[in-house]
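# Structural characterization, general
Below are the chains, spelled out letter by letter.
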Amino acid sequence: MTARFGHTELPDEQAQALKKAIRLERISLGVIAVTVVLVLLVAGSSQAMKAAWIEDSLSLLPPLAFLLAARLIRRRPTAAKPYGYHRAIGIAHLVSGVALLVMGLYLIIDSGLGLLEAEHPPIGVFVLFDTPIWQGWLMIAVMIVTGAPTVILGRMKLKLAPLLHDKVLYADAQMNKADWMTSLATVVGILGIGVGLWWADSAAAIVVAVDIVRDGRKNLRDAVRDLMDSRATQYDGTSPDPLTDRVVDCLGSASWVAEAECRIRDQGHVLHIEAFVVPVDGRAPSLEEAAELRERCVELDWRAQDFVLSVAEKLPEELLPQLQDRGPRGPRARLLTTHSKEQS
């Protein structure tokens, strides 16, 4: 069966990456579920273990959101939803960000109060084969054993996120990759209690909570930006998507185009592209010329299936505010220079 995102048929590389991502997220759910149970069983009254358990529980959200969105986005567009279901990725991203941010802030307040009230969390002893063992060692063993698999899974997901242009998968991978920090902070907090530093437990919990807030803030910011139809960025949200310049250069390569510009918004995995071209000497292109140019632009990237090409008398600056920001060496300036030479 052909892999699709709505009406977008995936290339073989992306189709295989999607299958691997789905498999990894299912494995993640199993690993996290086991981790949540184990941490809960040994948590005792430790604030650091409580924070680790909450973070592990919240870690279930991104894999669930990814798997749900992966099913929704395969649906074809309908009359009621002409743009398809790609925004499911953005909604899943938003839900994950809000949950992380709210719970992280709660943990900071809760652990901060523990410090102010000078709580001394007790860690008991259990007997194994007639030998008393400090429960803290069991807590440390659980944190080390459960932390390692998520780090490995996170590294594997990081390799797939750019192939699928999937920001939820990338955010999940970043959370998995950072789990070692949670495990390390929790271990330090437990050892602190063992040597009589009562405040180490709450301090470790605050460190974990700050990390949760950081993840939540970034995910929330990126999700809101995409849902507000901001300029498309790369999968990690760090820089503008280079496809914008590539599309403009492709448009300008047509002999009948004098000026060209485009705007791109992120719809999840795929991009919605609106391109505007001004023909040379005001000559309207034939249907064949326009269709051929559009097809060449679409072939630049598998994500560029939703592509609208408009022929205009001049570039609509009210729709393309970036025209005012282009420097003298921008794509538009290069196009104008090239065609001026051709015409001369």
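Residues numbered from 1 in each chain as written. Predicted model: local features only at pLDDT ≥ 70, side-chain atom pairs only at ≥ 80, totals over all residues. Heavy atoms only, no water.

The name given to the chain in an unreviewed UniProt entry is Cation transporter, with Brevibacterium luteolum as the source organism.

### Points about the overall build of the chain
A tally of helices and strands in the chain yields 11 helices and seven strands. Split into buried and exposed, the 344 residues of the chain put 48% on the buried side. Taking contacts inside the chain between residues at least 6 apart in sequence as the whole, the part at least 24 apart equals 72%. Of the roughly 17100 Å² of accessible surface on the chain, 62% is carried by carbon and sulfur atoms. (Helix = DSSP H or I, 4+ residues; strand = E, 2+ residues; numbered from the N terminus. Buried < 20%, exposed > 50% of the residue type's maximum accessible area, 1.4 Å probe, protein only. Contact = heavy atoms within 4.5 Å. Areas by Shrake-Rupley, 256 points an atom, 1.4 Å probe, with all protein chains shown as cover.)

### Some details on the packing of helix H2 (residues 47-58) against helix H8 (residues 199-227)
H8 packs onto H2 with a crossing angle of 20 degrees between their chain directions and a minimal axis gap of 7 Å. Between H2 and H8, the angle falls in the class roughly parallel. Between H2 and H8, the contacting residues are Gln-47, Ala-48, Ala-51, Glu-55 and Leu-58 on the first element and Asp-201, Ser-202, Ala-204, Ala-205, Val-208, Asp-211 and Ile-212 on the second. When its residues are assigned to classes, the contact of H2 with H8 shows seven nonpolar, two polar and three charged. (Axes fitted to C-alpha atoms, helices over the stretch in contact; angles between N-to-C directions. Parallel < 35°, antiparallel > 145°, perpendicular 65-115°, else oblique. Nonpolar A, V, L, I, M, F, W, Y, C, P; charged D, E, K, R; others polar.)

### Some remarks on the packing of helix H3 (residues 61-72) against helix H6 (residues 167-177)
At a minimum axis distance of 9 Å, the contact between H3 and H6 shows a crossing angle of 160 degrees. It follows from the interaxial angle that H3 and H6 lie roughly antiparallel. In the packing of H3 onto H6, the handedness of the crossing is left-handed. Taking contact as the criterion, the partners of Pro-62, Pro-63 and Phe-66 in H3 are, on H6, Val-168, Leu-169, Asp-172 and Met-175. (Left-handed = near helix turned anticlockwise from the far one by under 90°.)

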